[in-house]
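Here's the letter readout for the chains.
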Amino acid sequence: MGSPPPREHTGADREAVAGVPVDRRLVSGAARLPRVAIVAAAWSPGEEERQAAVRALAGALALSAEVVVVSLDDRSGPSAPASRRTDGIFTVHSVAATPGRAELARRIGEALSAGGPGRPLPELAAERLLGIEGRAAPGAVAMLDALEPHAVLLAGVETLWLASALSGARRRSRLAVMPLLGADPRLAAGALGRLLGAADVVLALSRTEASLLQAGGGAAAVRRLALPVAINEEAAATPLDGMSSFGPYLLVLSGWPDDGAAGGAGPPHDYVRAVLGDVAVAEVRRGGWFVSDGRHRFEFPFEGTRVNLWRLMAGAIAMLDVRPIGPVGREVVESLGFGTPVVVPAGTVAAEHAEASGGGLWYEGPGEMLEAARYFIERPSERERFSRAGRRWAAGEHATRGGFAAEVAALLLG
Amino acid sequence: MGELPGDARRVVDELRSAPGRPDGPVRTWVPSESFEGTLADHLEPPVQTNGHLAWLHANWDFSALLEPPGGPGIRGALARVRHRAVMAVLGPYLERLRDYLGVNARAADELAVRVDALEAKQLRVLGAVRHDLVDFARHVDERLDG
């Protein structure tokens, strides 16, 4: 589908017609950059991986376009008018939307994957699950009409219903879609393929996601983006206070970011130690971090910031990631960047990183995870080899920012 | 440098094909994590040491409060007459109330002992089941590894 030329934004008439407020600085005629509207389920500066990915992409895009965010996060009721706020260089319009039921969709999806994780779902189930997770927001369509963007990016599975709403006669903008589903089997479903068929370009953040999208058909042009992942290498030189008294340790990542939700228990900490013997285990979990070597147990009094996480990462023998892995596998890339081998769940984006980099191993079950960890404990020279390979891969694949910005602009602006 | 990207897959394949070590982890299956959660949740002080129960034990017998008032002179004598009059009416009721509180404290004691015993028993059973399951999983591993 061809893309129209950038339009000039003229003013308040549009605001009156659509009944939604429009940022006057952006419609005054001073802005000549093409406008891109990013539709996301939420917009916040938190550590959540999907939101961080959308923010990174918006930041890159802002170098060559005027970026406006439409966030489907207003809970004040379906008839409430859109609210507008400014977040740095971005103008964010919050529109009323039904709450998404991502957790329910995830649980049903797991229950239906009788063939094992990553196996395709029945077509009808996949379609219903997409519906469950979507956040219906009629105001979003009016908002996009009023903004008249050159391109619209739908970020996240919650926004995909808009692909069909924006297609057909209403279609005036270039449409890009970024499902942010990682290795979710719904990516290969025909229902998703039909939704994505309306898009000019579909963005995947990993090879796993790209290949699943292509397997589902429907998506005209699937392009993979390697998200830049920055780390502060100084963190390696400043280990957390107290860690020096524990000696070599494994890092278990079971609850990051700490979103305050209940649960978050990873593999039993004592079980890891009981099986692996004389090695300390540091665990980053919801509600607090701690390290134990069997004789001593130390609760970290430090704030659970990413820099402190990096400090733990950089000094570990290996990082065992036992969380559900997101579409980017950000912490895995960071760990590889610090030269710390990773042990991650098989069939995920993280496992793709481990294999592509040669910097980590992957597991099907807890037993395999512990054997992989033991491999790094008992073979320091092999660990060193994995470390070098991971570091080299992270620096080459995920550290480039300039190229990323140019690539994103080319994909979105056509 | 001779580091091929395929190395990681080779290592994973080797780890999967290696026979299980007798002291090694169970590769195919481990008991549910809920065991640890359940065990940890039970690490609470016994009900018998509950603060309310201790208070009940210390205070159920209020006989000392029912003693006739002391004091010299006419004022003291009047107080004792008043006490006798009140106790003539309320005495049997207050005595019954004191007995009731005493029985209540003993019943709460019985329940606390029973709850603590049940909890200890449940922990022992959980530990035994978990131990058996780990043994069983190891046995399955050994059989699978030939």
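Note that the structure is a prediction, hence the values are computed from the model and not measured.

K.L.:
What exactly am I supposed to notice about the overall build of chain B here?
P.N.:
The helix and strand tally for chain B stands at four helices and zero strands. In chain B, the order of α-helices and β-strands from amino to carboxyl end is α-α-α-α. When the 146 residues of chain B are sorted by exposure, 21% land in the buried category.

K.L.:
Would you mind showing me how to read the overall build of chain A here?
P.N.:
Helix and strand counts for chain A stand at 16 helices and 15 strands. Going through the 414 residues of chain A one by one, you find that 57% of them count as buried. A separation of at least 24 residues holds for 66% of the contacts in chain A among residues at least 6 apart in sequence. Roughly 16,400 Å² of accessible area belongs to chain A as shown, and the carbon and sulfur atoms make up 54% of that amount.

K.L.:
Would you take a moment to explain the pattern of salt bridges for this structure?
P.N.:
Two side chains that carry opposite charge are able to pair once their charged atoms sit near each other. Residues and elements named next belong to chain A. Applying the stated criterion across every chain yields a total of 19 salt bridges over all chains. For Glu 158, the salt bridge identified is with Arg 50, shortest N-O distance 2.5 Å. Residue Glu 158 is located in the loop between β5 (151-155) and α7 (161-165), and its partner Arg 50 is located in helix α3 (residues 49-61); the two are separated by 108 residues in the primary sequence. Owing to a relative accessible area of 18%, Arg 50 belongs among the buried residues under this scheme. Overlapping salt bridges bring together Arg 306, Asp 321, Arg 323, Arg 330, Glu 331 and Glu 334 as one network.

K.L.:
Where do I start with the packing of helix α11 (residues 306-315) of chain A against helix α12 (residues 330-337) of chain A in this structure?
P.N.:
Helices that pack against each other are described as a pair by the angle of their axes relative to one another and the distance between those axes. All names here are of chain A. For the pair α11 and α12, the least separation of the axes is 10 Å and the interaxial angle reads 50°. For the element pair α11 / α12, the angle class is oblique. Viewed along their axes, α11 and α12 form a crossing whose handedness is right-handed. In contact with Arg 306, Leu 309, Trp 310 and Met 313 of α11, α12 contributes Arg 330, Glu 331, Glu 334 and Ser 335.

K.L.:
Just to check I follow, could you spell out the confidence of the model for chain B for this structure?
P.N.:
A low pLDDT score tells you not to read the predicted coordinates there in detail. Here chain B shows a mean pLDDT of 79. Residues at 70 or above account for 73%. Here residues 1-5 of chain B is modelled with pLDDT under 50, and outside its nearest four sequence neighbours on either side it reaches eight contacts, counting other chains as well.

K.L.:
Sorry, what's going on with the sheet that holds strand β15 (residues 360-363) of chain A here?
P.N.:
In any sheet, the strands associate via hydrogen bonds between backbone groups, in a parallel or an antiparallel arrangement. All names here are of chain A. The strand order across the open sheet built from seven strands is β12-β11-β10-β9-β13-β14-β15, with neighbouring strands paired in mixed fashion. Lying at the two open borders of the sheet, with one neighbouring strand each, are β12 (297-299) and β15. The mean inter-strand angle of the sheet, taken between neighbouring strand axes irrespective of direction, is 20°. Along the sheet, helix α14 (residues 366-378) makes contact with β9 (249-253), β13 (319-321), β14 (342-345) and β15, crossing β15 at roughly 160°.

K.L.:
Looking at this structure, how should I read a nonpolar patch on the surface?
P.N.:
All names here are of chain B. A contiguous nonpolar patch, built from Val 86, Val 89, Leu 90, Tyr 93, Leu 97 and Tyr 100 and spanning about 600 Å² of accessible area, is present on the exposed surface. Assignment of secondary structure puts Val 86 in helix α4 (residues 73-144). When its relative accessible area of 42% is taken as the criterion, Val 86 is described as partly exposed.

K.L.:
Sorry if this is basic, but what is going on with α12 of chain A here?
P.N.:
Three or four residues apart is the spacing at which side chains of an α-helix point the same way, because the helix has 3.6 residues per turn. All names here are of chain A. Across the eight residues of α12, seven count as buried, placing the element largely inside the fold. Listing the buried residues of α12 in full gives Glu 331, Val 332, Val 333, Glu 334, Ser 335, Leu 336 and Gly 337. Where α12 ends, the next residue or the one after it, Gly 339, has phi of about 80°, a positive value.

K.L.:
I tried to follow the nonpolar core on my own but got confused; where do I start?
P.N.:
Generally speaking, nonpolar side chains in soluble globular proteins are found buried as a group. Residue and element names in this part refer to chain A. Counting 60 residues, the largest nonpolar core has Leu 312 and Leu 361 as the members making the most contacts within it. Among the elements that make up this core, the one with the highest residue count is α14 (six residues). Sequence-distant contacts of Leu 312, defined by excluding residues within four places in its chain, comprise Leu 240, Met 243, Tyr 249, Leu 251, Ala 282, Val 284, Trp 289 and Phe 300.

K.L.:
Looking at this structure, how should I read the environment of Trp 362 of chain A?
P.N.:
Looking at the secondary structure, you find Trp 362 of chain A in strand β15. Expressed as a C-alpha distance, the spacing of Trp 362 of chain A and Val 344 of chain A, which sit 18 residues apart in the sequence, is 4.7 Å.

K.L.:
It is not clear to me how the pairing of strand β1 (residues 35-40) of chain A should be interpreted in this structure. Could you clarify?
P.N.:
Where a strand is regular, its side chains alternate between the two sheet faces. Of all six residues in β1 of chain A, six are buried, a share of seventy percent or more. The alternating pattern of β1 of chain A places Arg 35, Ala 37 and Val 39 of chain A on one face and Val 36, Ile 38 and Ala 40 of chain A on the opposite face, and all of these are buried.

K.L.:
Explain the side chain of Arg 385 of chain A here, please?
P.N.:
Residue position: Arg 385 of chain A is located in helix α15 (residues 380-397). In this structure Arg 385 of chain A comes out as buried when scored by relative accessible area, which is 18%. Reaching out from Arg 385 of chain A, the side chain makes a polar contact with the side chain of Asp 7 of chain B at a distance of 2.4 Å.

K.L.:
Got a minute to help me understand the confidence of the model for chain A in this structure?
P.N.:
Here chain A averages 80 in pLDDT, while 82% of its residues score no lower than 70. Counting interchain partners and residues more than four positions distant, the pLDDT-below-50 stretch residues 1-30 of chain A has 61 contacts.

K.L.:
Would you mind showing me how to read the pairing of β15 of chain A here?
P.N.:
All names here are of chain A. Alternating residues of β15 divide into Gly 360 and Trp 362 and Leu 361 and Tyr 363, and every residue in both groups is buried. Bridge count for β14 against β15 is four bridges, and the pairing is parallel. Bridge assignment links Val 344 to a residue of β15, and that residue is Trp 362. Handedness of the β14-helix α13 (residues 349-357)-β15 crossover: right-handed.

Rules and cut-offs
Residues numbered from 1 in each chain as written. Chains lettered and ligands numbered in written order. Predicted model: local features only at pLDDT ≥ 70, side-chain atom pairs only at ≥ 80, totals over all residues. Heavy atoms only, no water. Helix = DSSP H or I, 4+ residues; strand = E, 2+ residues; numbered from the N terminus. Buried < 20%, exposed > 50% of the residue type's maximum accessible area, 1.4 Å probe, protein only. Contact = heavy atoms within 4.5 Å. Areas by Shrake-Rupley, 256 points an atom, 1.4 Å probe, with all protein chains shown as cover. Salt bridge = Lys/Arg side-chain N within 4 Å of Asp/Glu carboxyl O. Axes fitted to C-alpha atoms, helices over the stretch in contact; angles between N-to-C directions. Parallel < 35°, antiparallel > 145°, perpendicular 65-115°, else oblique. Left-handed = near helix turned anticlockwise from the far one by under 90°. pLDDT = per-residue confidence, 0-100. Pairing = 2+ DSSP bridges. Patch = residues over 30% accessible without salt bridge, like charges linked within 9 Å, V, L, I, M, F, W, Y side chains within 5 Å. Core = buried A, V, L, I, M, F, W, Y, C linked by side-chain atoms within 4.5 Å. Polar contact = N/O pair within 3.5 Å; in protein donor to acceptor, adjacent residues only side chain to side chain. Right-handed = clockwise from strand over helix to strand, strands pointing away.

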